[in-house]
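Now for the letters of each chain:
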Amino acid sequence: MKIYTLHKKQNLPISIDEAWDFLSSPKNLKTITPNYMGFHILSGADRPMYPGQIIQYIVTPVLGIKTKWVTEITHVRDKEYFVDEQRFGPYALWHHKHFIKAIDGGVEMEDIIDYKVPLGIFGQMVHPILVKPKLEEIFEYRTKKLEELFGTY
């Protein structure tokens, strides 16, 4: 059972309040997700983020196959961090920590995702050629989109 980690940091020239308001709203996920992913929120994004919040999405991560993804917001510390965990979806494990902190002239955003691919050894074999590159691509898109929206640091 191999658990992989994706770790990303990005600095933006915005305030903690602005960063938190944008990042902690599930409704903004569509904005920072590539269009080909077919990202659509089904339910659970109608309130400000809180621990125990269940959010249901449809995504099309690979080969045009629509997949239901259900996440739970398990931890929230206002203007510091939140954690989402997959309850149902394409991964065997998905634990995504989102941190923000004030830095000179803006904020530092940090994402730490611990994940496990399904399908045992076969999943591990396709990880380096399919899963990891796709996650890198999605986060590269997110980086560029956030810079478009808020500017570069």
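Report on the accompanying structure. All values derive from a computational prediction rather than experimental measurement.

Below, the discussion takes up helix α1 (residues 16–23). Along α1, the residues that are buried comprise Ile16, Ala19, Trp20 and Phe22. What you see down the axis of α1 is that its buried residues fit within an arc of 165°, all on one side.

In this structure, the largest pocket occupies an estimated 940 Å³ of space. Residue lining of the largest pocket: 48 residues in total, with Met37, Trp69, Tyr91, Trp94 and Leu135 positioned closest to the centre. If you list the elements that add at least two residues to the lining of the largest pocket, you get α1, β3 (53–59), β4 (67–77), β5 (81–88), β6 (93–103), β7 (106–116) and α2 (120–150). Top contributing element to the lining of the largest pocket by residue count: α2, with 11 residues. Counted by class, the lining of the largest pocket contains 34 nonpolar, nine polar and five charged residues.

The next point concerns the sheet that holds β4. Across the sheet, which stays open at both edges, the seven strands sit in the order β1-β7-β6-β5-β4-β3-β2 with antiparallel pairing between neighbours. Every other strand in the sheet has two partners, leaving β1 (4–12) and β2 (40–43) as the edge strands with one partner each. Pairs of neighbouring strands in the sheet enclose a mean axial angle of 25°, with direction left out of account. Taken together, the seven bridges between β3 and β4 define a ladder with antiparallel strand orientation. Looking at β4, one finds that Tyr57 is bridged to Trp69. Across the sheet, α1 is in contact with β4, β5, β6 and β7; its angle to β6 comes to roughly 160°. α2 rests against β1, β6 and β7 of the sheet, and its axis sits at about 15° to β1.

With that settled, consider unusual backbone geometry. For Lys79, which is not glycine, the phi dihedral falls at a positive 65°. Here Lys79 lies in the loop between β4 and β5. One non-glycine residue, Leu119, lies in the positive phi region at around 75°. The class for Leu119 is exposed, based on a relative accessible area of 63%.

Our focus in this paragraph is the environment of Val59. Inspection of the secondary structure assignment puts Val59 in strand β3. Counting along the chain gives 20 residues from Val59 to Phe39, while the straight-line C-alpha distance between them is 4.7 Å. Contacts of Val59, omitting those with residues within four sequence positions, involve Met37, Gly38, Phe39, Ile65, Lys66, Thr67 and Trp69.

Right, let's talk about the pattern of salt bridges for a bit. Applying the stated rule across the entire model yields 11 salt bridges. Notably, a salt bridge pairs Lys79 with Asp78, separated by 3.6 Å at the nearest N-O pair. Of the charged contacts in the structure, one is a salt bridge between Lys97 and Asp114, with a shortest N-O distance of 2.8 Å. Separated by 17 residues along the polypeptide, Lys97 in strand β6 and Asp114 in strand β7 bring together distant segments of the chain. Taken together, the shared-partner salt bridges in this structure form one network comprising Asp17, Asp78 and Lys79.

Another aspect to go through is the side chain of His98. Mapped onto the secondary structure, His98 falls in strand β6. Within the structure, His98 has its side chain in polar contact with the side chain of Asp84 (distance 2.6 Å). Setting aside residues up to four positions removed in sequence, His98 forms contacts with Glu80, Tyr81, Phe82, Asp84, Glu110 and Asp111.

About the cut-offs
Residues numbered from 1 in each chain as written. Predicted model: local features only at pLDDT ≥ 70, side-chain atom pairs only at ≥ 80, totals over all residues. Heavy atoms only, no water. Buried < 20%, exposed > 50% of the residue type's maximum accessible area, 1.4 Å probe, protein only. Helix = DSSP H or I, 4+ residues; strand = E, 2+ residues; numbered from the N terminus. Arc of directions from axis to C-beta. 1 Å grid on protein atoms, 1.4 Å probe; cavity = no way out; pocket = protein on both sides within 12 Å on 5 of 7 lines; lining within 4 Å. Points joined across faces, edges and corners; volume = space filled by probe spheres on them. Nonpolar A, V, L, I, M, F, W, Y, C, P; charged D, E, K, R; others polar. Pairing = 2+ DSSP bridges. Axes fitted to C-alpha atoms, helices over the stretch in contact; angles between N-to-C directions. Contact = heavy atoms within 4.5 Å. Salt bridge = Lys/Arg side-chain N within 4 Å of Asp/Glu carboxyl O. Polar contact = N/O pair within 3.5 Å; in protein donor to acceptor, adjacent residues only side chain to side chain.

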